[in-house]
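Below, each chain spelled out in residue letters.
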Amino acid sequence: MENKQPTFLELLLEAHIDLERQGPGSRGAIEQALKFLGPLDGSSVTADLGCGTGGQTMILAEHLPGTIVGLDMFPDFVKRLNERAKTNGLEGRVKGIVGKMEALPFVKGSLDLIWSEGAVDNIGFREGVSHWRGFLKQGGYIAVSCPSWFTKERPDVVERFWADAGSRLDPVEKNIEIMKDCGYAFVAAFALPEECWIEGYFSPREKAIGKLIEKYDNCDTVREYAELNRKEVGLYRDYKQHYGYVFYIGKAV
Ligand code: SAH
């Protein structure tokens, strides 16, 4: 048991650092998205934005040649990605760096592929894909997943929950229009299946939070944090016909 009361942010980081991934997704969804991309070679450069601890980065490295740079604002996540790369013998071509998705440190027009799972909604879909477009080569690809509305009806409780979490959801058709507006040809969009949420994210996160409840002796912040996460799971269970994660693939034109 620890005496110090953790902050919300500390809990968030601690609950996520040991997870395979930090948001909904799966190997199957990644492989499905990869099928829509053009070929890469040993000189290709891929950026994985909002990479977290690099769960998807390692899967990308199994499939893609060339260099992969993961970027995330949390140094502890980036450190974990770099440790994973080393363990997998990938440190020569997979590297994590600390940075902001809204102010990319890459050379303009230098990237062959921008990959980003479950992160763009933190800065807004339009802001993200329009800023990122400038860093892609002509003919380069973008593959980005984020929570999106499936239906015209948008239950208030869901809208408020995501707004409080700092994310805004847009309808799938609107995001496709935004991509076209921002200099991409639309290639494909598909919704992630339920297992990406439950087995891929919610279940392992719940286990991690259970450990934190014990570690911090059920203190107020940990209880609040656990409650917030339960609410997110309950909303998904009750309203999943209205929203979900969608992978969008586009080609820079
Ligand atoms: N792509 C990973 C992590 C998704 S969680 C996965 O799918 O498992 C979202 C990630 O985006 C977090 O790691 C968070 O630190 C990062 N993030 C959020 N806002 C960011 C910003 N403005 N710049 C860089 N990273 C950001």
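The structure this text deals with has already been given above.
Everything in this summary refers to the structure shown in the same document. None of these values were measured; they are calculated from a predicted model.

Overview of the overall build of the protein chain
Helices and strands together make up the secondary structure of the protein chain, namely nine helices and eight strands. The globule rule puts the C-alpha radius of gyration for 253 residues at 18 Å, and the 18 Å found for the protein chain is close to it. When the backbone C-alpha atoms are referred to their principal axes, the protein chain occupies close to 55 × 45 × 30 Å. The burial tally for the protein chain puts 51% of its 253 residues in the buried class. For the protein chain, the proportion of contacts with a sequence separation of at least 24, taken over those separated by at least 6, is 80%. Accessible area of the protein chain: about 12,000 Å², with a carbon and sulfur share of 52%.

Here's the deal with helix H7 (residues 172-181)
By the burial criterion, the buried members of H7 are Val172, Asn175, Ile176, Ile178 and Met179. Along the axis of H7, the buried residues cluster in a sector spanning 155 degrees; they form a single face. Facing away from the buried side of H7 by over 90 degrees, the exposed positions are Glu173 and Asp181. Residues of H7 that are buried make contact with helix H5 (125-133), strand S5 (136-149), strand S6 (170-171), strand S7 (184-191) and strand S8 (243-252). Gly183, located one to two residues past H7, shows a positive phi value of around 95 degrees.

Some points on empty space enclosed by the protein
Tallied over the entire structure, the rule returns one cavity of 30 Å³ or more. By volume, the largest cavity amounts to about 40 Å³. Contributing to the lining of the largest cavity are Asp121, Phe125, Cys146, Pro147, Arg168, Leu169, Asp170 and Asn175. Across the lining of the largest cavity, the residue classes tally to four nonpolar, one polar and three charged.

Thoughts on the site of the ligand
Every one of the 20 residues lining the ligand counts as a neighbour, but Arg21, Gln22, Gly50, Asp72 and Glu102 are closest to it. Within the contact set of the ligand, a nitrogen atom lies 2.9 Å away from a side-chain nitrogen or oxygen of Glu102. Between a nitrogen atom of the ligand and a main-chain N or O atom of Glu117, the distance comes to 2.9 Å. Considering the ligand on its own, with 570 Å² of exposed area, one finds that the protein chains cover 92% of that surface. If you map the ligand onto the pockets, it falls in the largest pocket. The residue inventory of the shell around the ligand, partitioned by class, reads seven nonpolar, eight polar and five charged.

Quick look at helix H1 (residues 8-16)
At 3.6 residues per turn, the α-helix brings residues three or four places apart onto the same side. Of all the positions in H1, only Leu11, Leu13, Ala15 and His16 are classed as buried. Looking at the packing, one finds that the buried side of H1 touches helix H4 (75-87), helix H8 (194-215) and helix H9 (220-239).

Cut-offs and rules
- Residues numbered from 1 in each chain as written.
- Predicted model: local features only at pLDDT ≥ 70, side-chain atom pairs only at ≥ 80, totals over all residues.
- Heavy atoms only, no water.
- Helix = DSSP H or I, 4+ residues; strand = E, 2+ residues; numbered from the N terminus.
- Rg over C-alpha atoms; globule rule 2.2 N^0.38 Å.
- Buried < 20%, exposed > 50% of the residue type's maximum accessible area, 1.4 Å probe, protein only.
- Contact = heavy atoms within 4.5 Å.
- Areas by Shrake-Rupley, 256 points an atom, 1.4 Å probe, with all protein chains shown as cover.
- Arc of directions from axis to C-beta.
- 1 Å grid on protein atoms, 1.4 Å probe; cavity = no way out; pocket = protein on both sides within 12 Å on 5 of 7 lines; lining within 4 Å.
- Points joined across faces, edges and corners; volume = space filled by probe spheres on them.
- Nonpolar A, V, L, I, M, F, W, Y, C, P; charged D, E, K, R; others polar.
- Near = heavy atom within 4 Å.
- Polar contact = N/O pair within 3.5 Å; in protein donor to acceptor, adjacent residues only side chain to side chain.
- Sits in = over half its atoms within 2 Å of the grid points.

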